[in-house]
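# Fold and geometry: a report
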Amino acid sequence: MHKILVIGALGQLGSELIEALRRLHGEDNVVASDLREPTIKNGLFEQLNVLDKQALEAIVNKYGVTRIYHLAAILSAKGESDPKFAWDLNMNSLINVLEIAKEKKLDRIYWPSSIAVFGPNTPRENTPQHTIMDPNTIYGISKLAGERWCEYYHEKYGVDVRSLRYPGLIGYKAKPGGGTTDYAVDIYYKALEEKRYTCFLKANSYLPMMYMEDAVSATIELMQAEEHSVKIRSSYNVGALSFSPKDIAESINRHIPGFQIDYDPDFRQAIADSWPSSIDDSAARNDWGWQHSFDLDKMTKTILQGLKSQVTI
Ligand code: NAD
Ligand code: SER
């Protein structure tokens, strides 16, 4: 029986991952935690600043935590407004978690990386697992350094830490927290509310993306994989979709005729231009059997149906 702590549980990913983990391991075995207070009291919750190592350790002791999913981070676009703070949070939080894992011999740690570890000199199409990595956002720099820390703790101290380089994650159950791929979430809200959307990226900006349900499955499958099949301890490339703002607008148009998109690129365009447009995730598929199940149209249909029940049009 595992006791699980999810840090950053109220975020876009955490709010969906926590539901899946509770279904799998039982309500009483999964503790949610976040810097923010929960809006709805639901299940075990602890308010935690993950930069406070003593507070983190107290929660691990209180519940006898054996596995940690550490999701708290400042994302790419938001990180550029205060790079020093983004570095402090993204790095020191990870080191706190890895240190506690080492000291308390925790069973497994999950920490997400991102396509932001790649940079302007990385091959953009079908980006390989091992390639040039020269990120030029503070977020990407912190994720690349984090990958090195994870591999280091695995090799030097035997910490069983596992990681995925997520593409842009698209869900509708929680609002995104300041990423460059957030347009692909916002567009669905605006399509239902106003039948139009002004996109901060250009029409043909292709980026790797993934529907949240697939991201949750990938995370859980990696964490359940046998130790010997997890061969990469920095972070695995995982892919699913690759689309542009024009493609997603066309997909929405098939459900909401008359939906209009226009384009007003801002500083996030340069970030998008430095990232891959598609990902080679063959290592994840070969090592632990990764498969995605949502294509663009299935994702659009699912999100619009889900949002209709929660957005007042
Ligand atoms: P998010 O911004 O929606 O959620 C992050 C959560 O962390 C928030 O609820 C926030 O309150 C919490 N948090 C912030 N500072 C904290 C602190 N000091 N202590 C405790 N909690 C704190 O982010 P997300 O989209 O859910 O992303 C989760 C993880 O996945 C991040 O590590 C992110 O880098 C990674 N990731 C996300 C995407 C994406 O498209 N969403 C893509 C690649 C990687
Ligand atoms: N989707 C994330 C972002 O845009 C990538 O990690 O920041």
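You'll find the structure just up there.
Right, let's walk through the structure included here. (Residues numbered from 1 in each chain as written. Chains lettered and ligands numbered in written order. Predicted model: local features only at pLDDT ≥ 70, side-chain atom pairs only at ≥ 80, totals over all residues. Heavy atoms only, no water.)

The subject of this paragraph is the side chain of D214. Looking at the element boundaries, D214 is found in helix α7 (residues 212–224). An unpaired buried charge is present at D214: no salt bridge exists, and K298, the closest side chain of opposite charge, is 7.0 Å distant. Once residues within four sequence positions are removed from consideration, D214 is found in contact with W290, H292, S293 and F294. (Helix = DSSP H or I, 4+ residues; strand = E, 2+ residues; numbered from the N terminus. Buried < 20%, exposed > 50% of the residue type's maximum accessible area, 1.4 Å probe, protein only. Lys, Arg positive; Asp, Glu negative; His and termini not counted. Salt bridge = Lys/Arg side-chain N within 4 Å of Asp/Glu carboxyl O. Contact = heavy atoms within 4.5 Å.)

Lining the immediate environment of ligand 2, one finds L75, S76, S114, Y139, G168, G179, T180, T181 and W275. Residue S76 places a side-chain N or O atom 2.6 Å away from an oxygen atom belonging to ligand 2. Between ligand 2 and the protein, one listed contact pairs an oxygen atom with a side-chain N or O atom of S114 at 2.6 Å. Calculation on ligand 2 without its partners gives an accessible area of 230 Å², and the protein chains cover 94% of this total. (Near = heavy atom within 4 Å. Polar contact = N/O pair within 3.5 Å; in protein donor to acceptor, adjacent residues only side chain to side chain. Areas by Shrake-Rupley, 256 points an atom, 1.4 Å probe, with all protein chains shown as cover.)

This next bit is on the sheet that holds strand β13 (residues 241–243). The three strands are arranged β9-β11-β13 in an open sheet whose pairing can be described as mixed. Unpaired on one side and paired on the other, β9 (168–170) and β13 mark the two borders of the sheet. Strand-to-strand, the axes of this sheet are offset by a mean angle of 45 degrees, without reference to chain direction. The strands that helix α11 (residues 296–308) touches are β9, β11 (207–211) and β13; relative to β13, the one it contacts most, it runs at about 85 degrees. (Pairing = 2+ DSSP bridges. Axes fitted to C-alpha atoms, helices over the stretch in contact; angles between N-to-C directions.)

Bringing the pattern of salt bridges into the picture now. Tallied over the entire structure, the rule returns 18 salt bridges. D88 is paired through a salt bridge with K84; the nearest N and O atoms lie 3.0 Å apart. Taken together, the residues span about one helical turn, with D88 and K84 both in helix α4 (residues 83–104) at a distance of four residues. For R148, the salt bridge identified is with E151, shortest N-O distance 2.8 Å. Of this pair, R148 and E151 are both found in helix α5 (residues 138–157), three residues apart, which corresponds to roughly one turn of the helix. A single network of salt bridges, built from pairs that share partners, joins R108, D160, R162 and R233.

Attention shifts here to the sheet that holds strand β8 (residues 164–166). Read across the sheet, three strands follow the order β6-β8-β12 without closing on themselves; strand pairing throughout is parallel. On the outer flanks of this sheet lie β6 (113–114) and β12 (236–237), each paired with one strand and no other. Judged from the two bridges that link them, β6 and β8 form a sheet pairing that is parallel. In the strand pairing of β8, S113 is matched with R165.

If you look at the biggest cluster of nonpolar residues, it comprises 40 residues, and the most contacted ones within it are Y183, Y188, F243, I248 and M299. Where this core is concerned, the elements lending two or more residues are α5, α6 (183–194), β10 (196–199), β11, β13, α8 (245–253), α9 (268–273) and α11. In terms of residue count, the dominant contributor to this core is α6 (eight residues). Once residues lying within four places of it in the same chain are set aside, the contact partners of Y183 are Y197, C199, F200, L201, M209, F243, S244, P245 and I248. (Core = buried A, V, L, I, M, F, W, Y, C linked by side-chain atoms within 4.5 Å.)

Let us look at the packing of helix α2 (residues 53–63) against α4. Orientation of α2 relative to α4, taken along the N-to-C sense of each, is 45 degrees, at an axis distance of 10 Å. Considering their axes alone, α2 and α4 lie oblique with respect to each other. Regarding α2 and α4, the two cross each other, and that crossing is right-handed. Taken together, the residues of α4 that come into contact with α2 (itself represented by K53, L56, E57, V60 and N61) are N96, V97, E99, I100, E103 and K104. Considered class by class, the residues forming the contact of α2 with α4 number four nonpolar, two polar and five charged. (Parallel < 35°, antiparallel > 145°, perpendicular 65-115°, else oblique. Left-handed = near helix turned anticlockwise from the far one by under 90°. Nonpolar A, V, L, I, M, F, W, Y, C, P; charged D, E, K, R; others polar.)

Before going further, it helps to examine the site of ligand 1. Around ligand 1, the structure places 27 residues, and the nearest of them are Q12, L13, D34, R36 and Y139. The separation between an oxygen atom of ligand 1 and a polar main-chain atom of L71 is 2.9 Å. At 2.6 Å, a side-chain N or O of Y139 approaches an oxygen atom of ligand 1. Out of a free accessible area of 830 Å², ligand 1 has 93% covered by protein chains. Of all elements in the fold, only β6, α5 and β9 reach the threshold of two or more residues within the shell around ligand 1. Of the residues that constitute the shell around ligand 1, the class distribution is 15 nonpolar, nine polar and three charged.

Let's shift gears to the packing of α6 against α11. Direction vectors running N to C along α6 and α11 enclose 55 degrees, while the axes themselves pass 10 Å from each other. Classified by the angle their axes make, α6 and α11 are oblique. Remark: the crossing between α6 and α11 carries right-handed chirality. Contact residues: Y188, Y189 and L192 in α6; L296, M299, T300, I303, L304, L307 and K308 in α11. Grouping the constituent residues of the contact of α6 with α11 by class yields eight nonpolar, one polar and one charged.

This brings us to α2. Among the residues of α2, L56, I59, V60 and Y63 are the ones counted as buried. The buried residues of α2 all sit within an arc of 100 degrees when viewed along its axis, so they share a single face. Facing away from the buried surface of α2 by more than 90 degrees, the exposed residues are Q54 and K62. The inward-facing, buried residues of α2 contact β1 (4–7), β2 (30–34), β3 (45–47), β4 (67–70) and α4. Among the residues of α2, the N-terminal cap falls to D52, whose side-chain oxygen and the backbone nitrogen of Q54 are separated by 3.3 Å. Positive phi shows up at G64, right after α2, with a value of about 65 degrees. (Arc of directions from axis to C-beta.)

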